[in-house]
Number of protein chains: 2
Amino acid sequence: MEAKQISKAVIKRLPRYYRYLGELLEDNVERISSNDLSKKMRVTASQIRQDLNNFGGFGQQGYGYNVKYLYTEIGKILGLDIVHPMIIVGAGNLGQALANYVEFEKRGFKLAGIFDVNPVLEGIAVRGIEIQMISDLPFFMKENNIEIAILTLPKNKARDMAEILIENGIKAIWNFAHIDLDTPDDVIVENVHLSESLMTLSYNLSQYRQEHIDDEK
Amino acid sequence: MEAKQISKAVIKRLPRYYRYLGELLEDNVERISSNDLSKKMRVTASQIRQDLNNFGGFGQQGYGYNVKYLYTEIGKILGLDIVHPMIIVGAGNLGQALANYVEFEKRGFKLAGIFDVNPVLEGIAVRGIEIQMISDLPFFMKENNIEIAILTLPKNKARDMAEILIENGIKAIWNFAHIDLDTPDDVIVENVHLSESLMTLSYNLSQYRQEHIDDEK
DNA sequence: TAGATTGTTAATCGATTAACAATC
DNA sequence: TAGATTGTTAATCGATTAACAATC
């Protein structure tokens, strides 16, 4: 049932909580109060408590939060307790770099296949996985219960490929192409627009420079 | 002077406006109203006008916005009219992938050097640029007026490297390591936490599944 | 029991949307 | 001039922070 909608802002903060709790766990910290965590993470204790209470009461008055328990629970909320079979579509530099990103596996993101549209790449192995052509996609997706596609094709090919992925029942697309995908409600899209991130950096750089223009005299 | 502080939310939207205006420009569209743009971008016309008016009045009543002019002006706001010399620090898969990302050059982001801590990599060329060791960093940074460092080292090495970059006067760090960097106010940090982005996707996937658990019966 | 700290309600702050007068 | 559309003020909505009663 769980009718209440949780805001995007909260969801974006969950992985960060998860990361800090993971570090505390590695340091064998048993419990932590929202106040101590707030100092570490540089957010307000109030926000931490509000955020967590969207999902349930994980703490205990007078004690705080049990690190291991909270870590596990947030992991479950994020769906990290489940294996997510995924494919990379676009075996260029970025696709290959992501294929070699071993960390993902630890969190349940299992790379099952790599695809591309360029016939020259067919059969070449990346991290032991042979690049396949799109014609093999429908069968492969069904056979391996693929949920997530990492879309690392260039802009001009990405839109058509998204279509194909959707037709074949993809559940989620991690989109690295510089376009906004047009997808039905039941297909989740998470965008990583690297060039936009770099432009934000550039803006801040220019802004800072303008504000301190007098300093340089 | 420009005392008023522009919100992060607005700044994050600027590159997206820039992208859409670039596409309109390619399609030889001369002018566009906030209303038409709002339909394309799926934001409210009101937000577009509010956002732009943070930086000045770029439109004209009864006419709308001149696409080319607005595109150029947003480019200036983002600092894309200036060349930003940058280096990659961490010549692993991701670092090499970013080195091959030719699109950046178009926007004024000029890759000048690639560095790593692993001696095995010394002298190997990536896109015609030889990987250098950190001992060469101080001289190279001064000589080439490096502004931006792309930090693609693993977590455990990234923090120390950020220190070194700061000591040598880096202006901005585009951080791909899974840590929150501790930097002085005059060093800009823009984070790309890929694993957090993937977890957000995973959350939405799990959430959707739970909401539609009945459908599968 | 006393002290600590949560969970939760209320207050504040900021961002988005609506409305409309100004003006091209 | 009439119509269109901006720039900007006001209203609404949502998110963050503060406060505190509940409770371990």
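Residues numbered from 1 in each chain as written. Chains lettered and ligands numbered in written order. Predicted model: local features only at pLDDT ≥ 70, side-chain atom pairs only at ≥ 80, totals over all residues. Heavy atoms only, no water.

In the nomenclature of an unreviewed UniProt entry, chain A is known as Redox-sensing transcriptional repressor Rex of Blautia obeum. Under the UniProt heading Sequence similarities (unreviewed entry), the entry covering chain A gives this text: "Belongs to the transcriptional regulatory Rex family." (UniProt positions renumbered as here; feature names shortened; annotations may be inferred.)

(A) Structural context of the overall build of chain A. A tally of helices and strands in chain A yields nine helices and ten strands. If one aligns the C-alpha atoms of chain A with their principal axes, the spans along those axes are about 60 × 60 × 35 Å. Here chain A holds 217 residues, and 49% of them are scored as buried. For chain A, contacts bridging at least 24 residues in sequence account for 56% of all contacts bridging at least 6. Total accessible area on chain A stands at roughly 11200 Å², and carbon and sulfur atoms take up 47% of it. (Helix = DSSP H or I, 4+ residues; strand = E, 2+ residues; numbered from the N terminus. Buried < 20%, exposed > 50% of the residue type's maximum accessible area, 1.4 Å probe, protein only. Contact = heavy atoms within 4.5 Å. Areas by Shrake-Rupley, 256 points an atom, 1.4 Å probe, with all protein chains shown as cover.)

(B) A look at the protein's contact with DNA strand D. Taken together, 25 residues are adjacent to DNA strand D, and S46 and Q50 of chain A together with S34, R49 and Y65 of chain B come closest. For DNA strand D, the backbone portion of the atoms within 4 Å of the protein, that is sugar and phosphate, comes to 56%. Residue N53 of chain B places a side-chain N or O atom 3.2 Å away from a phosphate oxygen belonging to DNA strand D. Taking G62 of chain B, its main chain carries an N or O atom lying 3.0 Å from a sugar or linking oxygen of DNA strand D. Residue assignment for the surface near DNA strand D shows that the elements contributing at least two residues are helix 1 (8–26) and helix 3 (45–53) of chain A together with helix 3 (45–53), strand 2 (59–60) and strand 3 (64–66) of chain B. Element by element, the count of residues in the surface near DNA strand D is highest for helix 3 of chain A, at four residues. Tallied by class, the residues present in the surface near DNA strand D amount to four nonpolar, 18 polar and three charged. (Near = heavy atom within 4 Å. Polar contact = N/O pair within 3.5 Å; in protein donor to acceptor, adjacent residues only side chain to side chain. Nonpolar A, V, L, I, M, F, W, Y, C, P; charged D, E, K, R; others polar.)

(C) Broad picture of the sheet that holds strand 5 (residues 109–116) of chain A. All names here are of chain A. Strand order in the open sheet formed by seven strands is 6-7-5-4-8-9-10, and the pairing between neighbours is mixed. Across the chains shown, the open sheet's two edge strands, defined by having one partner strand only, are strand 6 (125–126) and strand 10 (188–191). One ladder, built from three bridges, connects strand 5 with strand 7 (residues 129–133); its direction is parallel. Across the sheet, the residue bridging to F115 is Q132, located in strand 7. The sheet contacts of helix 8 (residues 155–167) involve strand 4 (84–89), strand 8 (148–151) and strand 9 (172–175), and relative to strand 8 the element is tilted by about 170°. (Pairing = 2+ DSSP bridges. Axes fitted to C-alpha atoms, helices over the stretch in contact; angles between N-to-C directions.)

(D) Spotlight on the packing of aromatic side chains. Applying the stated criterion to the full structure yields 14 aromatic pairs over all chains. Relative to F176 of chain A, the ring of W174 of chain A lies with its centre 4.9 Å away and its plane at 70°, an arrangement referred to as edge-to-face. By the burial criterion, W174 of chain A is buried, and F176 of chain A matches it. Summarising the aromatic geometry, the rings of F115 of chain B and F140 of chain B are spaced 5.4 Å apart at their centres and angled 70° between planes, so their arrangement reads as edge-to-face. Residue F115 of chain B is located in strand 5 (residues 109–116), and its partner F140 of chain B is located in helix 7 (residues 137–143); the two are separated by 25 residues in the primary sequence. The two residues F115 of chain B and F140 of chain B agree in class, both being buried. Each residue in the set Y101, F104, W174 and F176 of chain A is aromatic and connected to the rest through ring pairs, giving one cluster. Its end group placed over the ring of Y63 of chain A, R31 of chain A keeps NZ or CZ at 5.0 Å from the ring centre. (Phe/Tyr/Trp six-rings, centres within 6.5 Å; stacked < 30°, edge-to-face > 60°. Lys NZ or Arg CZ within 6 Å of the ring centre and 35° of its normal.)

(E) Highlighting the protein's contact with DNA strand C. Around DNA strand C, the surrounding shell holds 25 residues, and the nearest of these are S34, R49 and Y65 of chain A together with S46 and Q50 of chain B. The sugar-phosphate share of atoms of DNA strand C within 4 Å of the protein amounts to 55%. In this structure, R13 of chain B approaches DNA strand C through a side-chain N or O atom, which is 3.0 Å from a phosphate oxygen. Here S46 of chain B contributes a side-chain N or O atom positioned 2.7 Å from a base nitrogen of DNA strand C. Listed by contribution, the elements that provide at least two residues to the surface near DNA strand C are helix 3, strand 2 (59–60) and strand 3 (64–66) of chain A together with helix 1 (8–26) and helix 3 of chain B.

(F) Representation of the sheet that holds strand 10 (residues 188–191) of chain B within the structure. Strands sit in the order 6-7-5-4-8-9-10 (chain B) across an open sheet of seven strands; the sheet is mixed. With one partner strand each, in any of the chains shown, strand 6 (125–126) and strand 10 of chain B form the two edges of the open sheet. Packed onto the sheet, helix 9 (residues 194–211) of chain A meets strand 4 (84–89), strand 5, strand 8 (148–151), strand 9 (172–175) and strand 10 of chain B and runs at close to 165° relative to strand 10 of chain B. Helix 8 (residues 155–167) of chain B contacts strand 4, strand 8 and strand 9 of chain B of the sheet and is inclined by roughly 170° relative to strand 8 of chain B.

(G) Fine view of the pattern of salt bridges. Residues and elements named next belong to chain A. Following the criterion strictly, the structure yields 22 salt bridges over all chains and no others. With its nearest N and O atoms 2.7 Å apart, the salt bridge here joins R13 to D51. Residue R13 is found in helix 1, and its partner D51 is found in helix 3; the two are separated by 38 residues along the sequence. Residue classification places D51 among the buried residues on the basis of a relative accessible area of 3%. (Salt bridge = Lys/Arg side-chain N within 4 Å of Asp/Glu carboxyl O.)

(H) Spatial organisation of the domain arrangement of chain A. When cut into domains, chain A gives domain 1 (8–77) and domain 2 (84–196). Each of domain 1 of chain A and domain 2 of chain A has a C-alpha centre, and these two points are 32 Å apart. (Domains from an automatic or database assignment.)

(I) Main features of the UniProt feature "binding site: NAD(+)" (unreviewed entry) in chain A. Residue and element names in this part refer to chain A. Mapped onto this structure's residue numbering, the UniProt feature "binding site: NAD(+)" (unreviewed entry) falls at G90, A91, G92, N93, L94 and G95. Looking at the secondary structure, you find G92 in the loop between strand 4 and helix 5 (93–99). Structurally, L94 is set in helix 5. With relative accessibility at 10%, the residue L94 sits in the buried group.

(J) View of the nonpolar core. Core analysis: the biggest nonpolar cluster contains 104 residues, and I74, I114 and W174 of chain A together with I74, I114 and W174 of chain B have the highest contact counts within it. I74 of chain A has contacts with L14, Y17, Y18, L21 and L52 of chain A, leaving out every residue within four places of it along the chain. (Core = buried A, V, L, I, M, F, W, Y, C linked by side-chain atoms within 4.5 Å.)

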